[in-house]
Amino acid sequence: MLSFAIGCSQLVEVEMPADQLITSSIYADDVTAIAALRGLYASTMSSTRAISNAGVSLMCGLSAGELKTVRPNADYDPFMENEVLPESYVISTLTWAPAYKTIYQANDLIEKSQQSHSLKPGTVRQITGEALLVRSLNFFYLTNLFGAVPLTLTTDYRTNTALQRSNTQDIYDQIERDLLVAADLLPAEYPSPDRMRANRWAAKSLLARLYLYQGKWQEAIGQASAVIEDGGYKLELTGRTFLSESKETILQFGAVGQYNLSTGAGQTFIPGFDVVPNYQVSSRLLSAYQSTDKRLQDWFLTLSLNGQNYSIPFKYKLNTSSGSRPEANIVFRLAELYLIRAEAYIQQSQIAEAVHDLNQLRGRADISLLDASGLTTEQLLEAVSLERQRELCIEWGHRWFDLKRMGLLDAQMNNIAPETWKPEKALYPIPSAERLSNPFLTQNPGYDD
Amino acid sequence: MHKTFTGAIPHALLFKVIMIKTLVLLLLILCWEARADVHAQHLTLSHRHTGLGDVLQDVREQSGYSVFYDANYLKMARPVTVELADATLEQSLAAIFADQPFTYSIENRVIVITPKPAKRPGDGSGQIGHVNEEANLVLAYPTVTGRVTDSLGRPLAGASVRVLNAEGKRTMLQTKTDHDGYFELKHVPDDAQLEITYIGYVSQIVGVRPHQGTIILAISSSSILEVEVNAGYYTVKDRLRTGNIGSISSKDIERQPVTNPLATLHGRVPGLVITQSSGVPGSSFRVELRGRTAIDREITDDQPLFVIDGVPAAQNNGYLNQYTSALGYPTNSTTATIPGGLSPLNSLNPQDIERIEVLKDADATAIYGSRGANGVILITTKKGSGGRTDVFVNMSTGWSRASRTVDMMNTQQYLAMRREAFANDNVTMTPDNSFDLLVWDTTRYTDFKKLLIGGTAHTSSIQAGISGGNSLTQFRVSGAYQGETTVFPGDWVAKRLTTDANIQHRSIDERLHMALAVNYGSSNSDLPTDDYASAINITPNMQLWNEDGELSWEEGGYSYYSNPLAGLKNVYTVGTDNLNANLQLRYRVFPGVDLRSSFGYNTIRTDEHKTYAIGSQNPAYEREGSAYFASNRFNSWIWEPQADYRKVLGAHDIQLLVGGSIQQQESYASSISGSGYSNDLLLNSLAGAAVVSATNGSSAYKYAAIYGRVSYNLEDTYLLTLSGRRDGSSRFGPGKQYANFGAVGVAWIFTQERLLQEKLPWLSFGKVRGSYGTTGNDKIANYQYLDTYETVLNTSYQDSMTVRPHKLFNPDYRWESTRKLEVAMDLGFFADRILLSTAWFRNVSSNQLINYNLALTTGFGSVVSNFPAKVANSGLEVSLVADIIRHESWEWTMSANITVPRNQLLSFPNLDNSSYYLSYREGHPLNLIYLYRYLGVDPENGYYHAEDLNGDGRLTSREDRQVLGHLDPTYYGGIQNTFSYKSWELTFFFDYRKQLGTGWLAWQFSRPGGLANMPVTVMDRWQQPGDVTSVMRYTQRTSDGLSSLYLRDLANTASGGKYEDASFFRLKNATIAYTVSDDILKRIGARSTRFYLQTQNMFTISGYKGAHPEVQSLRRLSPMRTLVIGAQINF
């Protein structure tokens, strides 16, 4: 009996599974630690229409009236009609869940790499910086889509499962702190030339946007200028802007694995030949362009089927896999930095500088340049809003957020759907399933349980 | 060293007796058992140069006496020529043996044949001629000895031997037979008689002689109380068991034309709920024993342990496939809580199964420890019984159709619905929003239900085998082929080959026993990649073929559904090989002390191949073929050494058992996918793919335990069983791997009391029993206590490998514990012609191991931990077996059972602040319905609505949810009637269940009026204010801006409206069989021939409005309604 008991522990000792590794061994080695960091990017891109893979572009594009569904579409019609329900699969499974999973992964990378005794200091800095940027990006989108959300900053599930919602300001403050650290930790050079991992300028790009959204004009100008002047980026022709080798790109997320090599946007918007597309561009958006605008020619495609014309988004031009990767999902590009700085300059009454920045984009699009003289601040703000609409259309939800941020949303929606629009619909509902799991999570106003 | 034994009988004597008795036994090598009672005592024999064996056979048949002789004697026998008419047995035998080198004796209706003493071999190993010697020996002692065996010469251990006085009354003098069936009684008066009783056998009273010789007891009746029940590591008489063991025998299994053994259990065993996941051949079955124990059954397995011939099944009742196909999702975590996929038990042929035992309470499952926390299902294959070599062939062919489906609208009804929807919504029809009305041909009609699941499946099977052997060695081998097509369009077929071999041997000295059971099954199925039932909602006017006769993908530029017939070009092939082998050895070290060893091995290999042909894809897109290849293997081996000791001290019968289990399971899986095929002909080749990627995985599980069991039996009246064990499992972290559990069972057979026997003669059997015990559970995934990262297929980034966190980890979880209590009463009336068994149980689980549900903000949504709640499963199980008519030519037996279960969440500290605050309520079942109260269709506006409990004008989950019922069956069971008249036998088996289930409203594909066909029941819809209907107004909108009391999916997600009564009463099985009379048989050389017609799921009575109340989904294939005809011939 005794000898049996002594042998017992061996009787129930098992080998590790083939496809798993003990976490501490991952962070004992620079190569596997970096593989875990790449895993963070892979997670952000692992499903089409997740936030980072055209999901925000589609949801917010529909909500902001940039896009319309062509045929009945139970998943996305509610976004177009601004009637998203808390049970929405898109909200919970495609948006909320992958964002928080990515955040968990970023937190794990930060915690584990800093606890490691064997990683090189440079590796720890790189991991921490990139993880902070990816985490910030996800929190930025969560708070802009849902308003107050739980701010999960550790991997402790006991804490994270019962968090209350943090208000947007607290989230912005956290993002600001994190990005300042990240910009400090990250080098100006890319870890790899494909721009698919973040450098200092990516952190500063998001910082610039964050300051813009908060009306911190001077800080926005500072960060945007750093990127524009020191980053070495340059505007490409509109036909080349969305190619993976574009010099305008500050950060892009590459395709994951060997399949689905095209971008989520390409897969979502471009139909097969001779088939009616799922989504078309609204006439409202098309009418924002002058007829000579290069962007109108290069970024949209008109399909003629059965005597009907459908205009579809065509910034990304590939919808299927192919052996090479000419396109990747661009997160930050130089054009947005010019727009950020232009808007901040206007708010700071630095009109000439603002017009200069706006004209960078107008010139590229081959439309008439602005003349600073005789324009009021309101007119200039309108011009910057219009330029943002044209330049950043159907891209990362920019238009939807701009409408909200600039106070234009109610006016536009009362125009489109006066009977049904309610200001509360500016925020999407908290997923109902998540509220079943966390009793401290309240619903946004205007939504039922 | 024999100290423990000599207390009973002087061992020197005993050994002599054993030797002698062993010799006697040798005579009895082959036996023909006497047929029932009355036969003519006068024989008519007419034989010319006939073999002695055949002549003796004739004597046996005419006299009804048994005949025993060594088969070897026949070689020495001379041909017999005898002509006798109306002779006595004595005369006949005298004539037959006149010229033979044998002599005979008659004892207790048994003719024993021995060589004449003169011919006896003179060496020491003499096998014969010992009778006198033995008598001399025994005469030297004033003591009666003897031996009790069954008709095969197998010892009956524990038979009661009582001394009756001259008046035939019982005296205090009594004993029991030992392991080898021997007994010894001292100081027995000359005029006394011995009464020998053994449960299950006809008692005998014999006059006292110093040596009684071998007393052979015949099996008394078919009373199920006398059946030996497999209790796992030991067998026990049903009558004497202290635990709760339900069972089903081959008789009931053979009648059912099903391929999966689990399908035979529907409604048969109290406390056991079997739910079929779909009607696709090979699909899995969910098994729930005594209620839901897992809080989170999607991830934690709460199914019983499956043990096949002593070997725990390597994949238990999980699933074998890695890919999704018509069989379903290979996961337990479907929202319907029905596991999909390929059932591992599908490779076991039900026709090879002798018995299935279901161990339920603490006492019965104690010996399996934590592995049996949710009960144990023991499957035992058929064994040879010795005697005449039996060759059997069983052939059948049959037809199946989907059993209960819903009718969908035809084109006119569908178009009318769509037009009404547009009118209701005041929306103008355009080609984009109503191409089915404006662009597509509105005169076309395809009945997709008929097209996709309306076919007839054909089944055919043939089984052949041989069984036989002698008293020392028995064998049975069989092989079978089974083929089954589907009701889907296309040539799909599921084929299976099975073989089963069993051999048992015991040494002449009875000390060594060996049993080997080997079962091998190989299956191969070609199935669609999707269940076609999921496509019956396609709009009925969709174009399937274009003008050129090719598959159509669009009409007028509009495509909506993919063409279901394109799926015919995609094939899912799955093959399995399942080998199960078990070797059991028993060696008697000393009388009463046995050492046993059981070594078992189970391996299941599954190979899958799934192809997506270019031809199955819409040519509007860039097309390329893809192919998937997967294989996985589950291995399990187990070694279980065991020692047991039995001691009979007068009326006291004590058995001790100690043993250990060492078990190891491993699984390996790999999956390779190829894409970019340019030609469909290359899809079977990996080299033909442009891109190939692969993944693999493995896991291991180890389990070790030591256990002990003491059982005490006083005069077959008072029974006590104690068991205890220490279990270790690799699924726990260091320091938490081991835990102790124990159980106690008691029983009192009160009808053994003399007083009761006299006062209540009609009460033939009465037993009260009870058990209590604790058990653990380790049925969670492996490695959960480790903090790990994983590699995932096809997640490279920048063309480099990535790793990611595998899960949340919690190193602190430990064994859960379940306390099980049971009290039960078993009664037999009128010589056991009516048996009534009633059991009440209550199992309380605490610290349950679950995947604790967390918010998604944690990154994963769950973590393995011990659940803080207490859950009770209690229930009442009643079963009745009645021999209503037992007449010479007529028989009618009935059996029925009912289970009334109750599941209750006893306590859950801090429930309202946990992630389960809207899932559970204290005092209610886990499967509760805690939703808004559904109020049907609002007559005012035509939308579904629900009750606003607090009247604040909104529906809020905390305030307005109500407990509306639960999804556990309220009661369930089965009723069987068997009638036989002469050669005919007719059996009806009904199973029934009272339950709520997911209703048809929840399976509406979209709201009625959208771009999908609907069941015709939808036509009962709201049209104008004041209409009281069951279905909302037609609408083509996918969202409608309604909120507050009107929710888009109210009927299918948020309210009780998604559930409806899914009770059913079903003719599960009906069989009619005819056994051909002997005369005709002899002409074709067959011993017996049986023709049968069997039906399965012939009809289901249910008010359920969806398709099938068991599957509860409009989008999965219903179980098959099957009719089979066949013949069984024994040679």
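Note that the coordinates shown come from a computational prediction; the quantities given were computed from them, not determined experimentally. (Residues numbered from 1 in each chain as written. Chains lettered and ligands numbered in written order. Predicted model: local features only at pLDDT ≥ 70, side-chain atom pairs only at ≥ 80, totals over all residues. Heavy atoms only, no water.)

1. Some words on the overall build of chain B
Each helix and strand counted, chain B has 15 helices and 54 strands in total. A buried classification covers 60% of the 1131 residues belonging to chain B. Summarising the internal contacts of chain B: among those between residues at least 6 apart in sequence, 70% fall at separations of at least 24. When the accessible surface of chain B is summed, it comes to about 43,400 Å², and 56% of that surface belongs to carbon and sulfur atoms. (Helix = DSSP H or I, 4+ residues; strand = E, 2+ residues; numbered from the N terminus. Buried < 20%, exposed > 50% of the residue type's maximum accessible area, 1.4 Å probe, protein only. Contact = heavy atoms within 4.5 Å. Areas by Shrake-Rupley, 256 points an atom, 1.4 Å probe, with all protein chains shown as cover.)

2. Let's talk about the overall build of chain A
Along chain A, the regular secondary structure elements total 20 helices and 7 strands. Computed over the C-alpha atoms, the radius of gyration of chain A is 23 Å, within 12% of the 22 Å expected from 2.2 N^0.38 for a compact globule of 449 residues. A total of 449 residues make up chain A; the buried ones form 63% of that total. In chain A, of all internal contacts separated by at least 6 residues, the share reaching a separation of at least 24 is 70%. (Rg over C-alpha atoms; globule rule 2.2 N^0.38 Å.)

3. Observations regarding the nonpolar core
One finds Tyr76, Phe79, Leu142, Phe146, Phe253, Leu337 and Tyr428 of chain A to be the most contacted residues of the largest nonpolar core, which totals 129 residues. Considering each element in turn, this core owes the most residues, 13 residues, to helix H7 (residues 121-146) of chain A. Look past the residues within four positions of Phe79 of chain A in its chain and what remains in contact with it is Met59, Leu62, Ser63, Val84, Ser88, Val90, Ile91 and Tyr428 of chain A. Judged by nonpolar contacts, the second largest core, of 66 residues, contains Ala402, Leu437, Tyr1034 and Leu1117 of chain B. (Core = buried A, V, L, I, M, F, W, Y, C linked by side-chain atoms within 4.5 Å.)

4. A closer look at the sheet that holds strand S21 (residues 353-359) of chain B
Residue and element names in this part refer to chain B. Spatial strand order, S16-S21-S22-S19-S20: 5 strands in an open sheet with mixed pairing. Lying at the two open borders of the sheet, with one neighbouring strand each, are strand S16 (245-249) and strand S20 (311-312). By the bridge criterion, 6 bridges tie S21 to strand S22 (residues 376-381) in an arrangement that is antiparallel. In the strand pairing of S22, Leu359 is matched with Val376. (Pairing = 2+ DSSP bridges.)

5. Some thoughts on a nonpolar patch on the surface
A contiguous nonpolar patch, built from Ile503, Leu512, Leu516, Leu583, Leu585, Tyr587, Leu595, Phe599, Trp637 and Trp639 of chain B and spanning about 800 Å² of accessible area, is present on the exposed surface. Among the secondary structure elements, Leu595 of chain B is positioned in strand S29 (residues 593-612). (Patch = residues over 30% accessible without salt bridge, like charges linked within 9 Å, V, L, I, M, F, W, Y side chains within 5 Å. Salt bridge = Lys/Arg side-chain N within 4 Å of Asp/Glu carboxyl O.)

6. What about the packing of helix H17 (residues 377-391) of chain A against helix H18 (residues 398-405) of chain A?
Residue and element names in this part refer to chain A. At a minimum axis distance of 9 Å, the contact between H17 and H18 shows a crossing angle of 160 degrees. Judged on the interaxial angle alone, H18 and H17 are roughly antiparallel. At the point where H17 passes H18, the crossing takes the left-handed sense. The segment H17 lies against H18, with Ser385, Arg388 and Gln389 engaging His398, Arg399, Asp402 and Arg405. (Axes fitted to C-alpha atoms, helices over the stretch in contact; angles between N-to-C directions. Parallel < 35°, antiparallel > 145°, perpendicular 65-115°, else oblique. Left-handed = near helix turned anticlockwise from the far one by under 90°.)

7. Thoughts on the pairing of strand S48 (residues 971-981) of chain B
Residues and elements named next belong to chain B. Bridge analysis of strand S43 (residues 890-907) against S48 gives 10 bridges, and the strand direction is antiparallel. Paired with Met894 across the strands is Asn977, a residue of S48. Where S48 meets strand S49 (residues 984-994), 11 bridges bridge the pair, whose relative direction is antiparallel. What sits directly across from Phe979, in S49, is Leu986.

8. A few points about the confidence of the model for chain B
Residues and elements named next belong to chain B. Residue-level pLDDT values for chain B average 81, and 87% of them are 70 or greater. Counting interchain partners and residues more than four positions distant, the pLDDT-below-50 stretch residues 118-141 has 26 contacts. Model confidence for the complex is summarised by a pTM of 0.75, with the ipTM given as 0.91. (pLDDT = per-residue confidence, 0-100.)

9. Some points on the packing of aromatic side chains
Residues and elements named next belong to chain A. Applying the stated rule across the entire model yields 43 aromatic pairs over all chains. Here the aromatic rings of Trp96 and Tyr100 are separated by 5.0 Å at their centres, their planes lie at 45 degrees, and the arrangement is tilted. Of this pair, Trp96 and Tyr100 both sit in helix H6 (residues 89-115), 4 residues apart, which is roughly one turn of that helix. As far as burial versus exposure is concerned, Trp96 and Tyr100 are alike and both buried. Centroid distance Tyr100 to Phe139: 6.5 Å. Interplanar angle 80 degrees. Geometry classified as edge-to-face. Taken as a pair, Tyr100 in helix H6 and Phe139 in helix H7 lie far apart in primary sequence, 39 residues in all. (Phe/Tyr/Trp six-rings, centres within 6.5 Å; stacked < 30°, edge-to-face > 60°.)

10. A short note on the interface of chain B and chain A
Listed per partner, the contact involves 89 residues of chain B and 89 residues of chain A. A combined buried area of about 7,600 Å² lies between chain B and chain A, and 55% of that area is made up of carbon and sulfur atoms. Among the residues of chain B in contact with chain A, Tyr789, Tyr797 and Thr857 of chain B are the three that bury the most area, contributing 11% of the side total. Across the chain B-chain A interface, the total number found is 1 salt bridge. Asp787 of chain B is the partner of Lys112 of chain A in a salt bridge, and the nearest nitrogen-oxygen pair spans 3.7 Å. Linking chain B with chain A are 18 residue pairs in polar contact (both at pLDDT 80 or more), by the criterion used here. For the side of chain B that touches chain A, the elements supplying multiple residues, two or more each, are strand S31 (652-677), strand S32 (691-714), strand S33 (718-729), strand S36 (788-790), strand S37 (804-805) and helix H13 (957-960) of chain B. No other element matches S32 of chain B, which puts 13 residues into the side of chain B that touches chain A. Counted by class, the side of chain B that touches chain A contains 36 nonpolar, 39 polar and 14 charged residues. When strand S1 (residues 20-22) of chain A meets S36 of chain B, the two strands line up antiparallel, connected through 3 bridges. (Buried area = accessible area lost by both parts, 1.4 Å probe. Polar contact = N/O pair within 3.5 Å; in protein donor to acceptor, adjacent residues only side chain to side chain. Nonpolar A, V, L, I, M, F, W, Y, C, P; charged D, E, K, R; others polar.)

11. What to know about the sheet that holds S36 of chain B
Pairing is antiparallel in the open sheet, where 3 strands are placed in the order S1(A)-S36(B)-S37(B). Each edge of the open sheet carries a strand with a single partner, namely S1 of chain A together with S37 of chain B.

12. A word on unusual backbone geometry
Although it is not a glycine, Trp396 of chain A sits at a positive phi angle of roughly 55 degrees. Within the secondary structure, Trp396 of chain A sits in the loop between H17 and H18. The exposure class assigned to Trp396 of chain A is buried, which follows from its relative accessible area of 4%. Its identity as a non-glycine residue notwithstanding, Phe830 of chain B has a phi of 50 degrees, on the positive side.

13. Quick look at the packing of helix H10 (residues 200-214) of chain A against H18 of chain A
Residue and element names in this part refer to chain A. Interaxial distance between H10 and H18 falls to 10 Å at its minimum, and their mutual angle equals 30 degrees. Considering the angle they form, H10 stands roughly parallel to H18. Facing Arg209, Leu212 and Tyr213 of H10, the residues of H18 in contact are His398, Phe401, Asp402 and Arg405. Along the lines of polarity and charge, the residues of the contact of H10 with H18 split into 3 nonpolar, 1 polar and 3 charged.

14. Some remarks on the side chain of Thr155 of chain A
Assignment of secondary structure puts Thr155 of chain A in the loop between H7 and helix H8 (157-160). A relative accessible area of 16% places Thr155 of chain A in the buried class. Within the local environment of Thr155 of chain A, its side chain forms a polar contact with the side chain of Glu111 of chain A, the two groups lying 2.7 Å apart. The residues touching Thr155 of chain A, leaving out its near neighbours within four places in the chain, are Tyr104, Asn107, Asp108, Glu111 and Asn160 of chain A together with Leu808 of chain B.

15. Here we look at the pattern of salt bridges
All names here are of chain A. Taken as a whole and assessed by the stated rule, the structure comprises 58 salt bridges over all chains. Here Arg209 ties to Glu336 by a salt bridge, and the two come within 2.6 Å at their closest N and O atoms. Here Glu336 lies in helix H15 (residues 334-347) and Arg209 lies in helix H10, a separation of 127 residues in the sequence. Residue class for Arg209 comes out buried when judged on its relative accessible area of 1%. Salt bridges here are not isolated pairs; linked through shared partners, they connect Glu248, Asp293, Arg295, Lys315, Arg333, Arg362, Arg364, Glu387, Arg390, Glu391 and Glu395.

16. Some words on the state of the cysteines
Working definition: the covalent bond between the sulfur atoms of two cysteines is a disulfide. Taken as a whole and assessed by the stated rule, the structure comprises 0 disulfides over all chains. Summary of cysteine pairing: Cys60 of chain A is not part of a disulfide, and the nearest cysteine sulfur, belonging to Cys393 of chain A, is at 14 Å. (Disulfide = S-S within 2.5 Å.)

17. Things to note about the pairing of S33 of chain B
Residue and element names in this part refer to chain B. Of the strand pairs in this sheet, S32 and S33 are connected by 12 bridges, and their pairing is antiparallel. Within S33, the position partnered with Val710 by the bridge is Leu722. The hairpin turn running from S32 into S33, its antiparallel successor, is 3 residues long, and Glu715 in that turn takes a positive phi close to 55 degrees. Pairing of S33 with strand S34 (residues 738-749) involves 11 bridges; the strand directions are antiparallel. Its bridge partner lying in S34, Asp727 is registered against Ala739.

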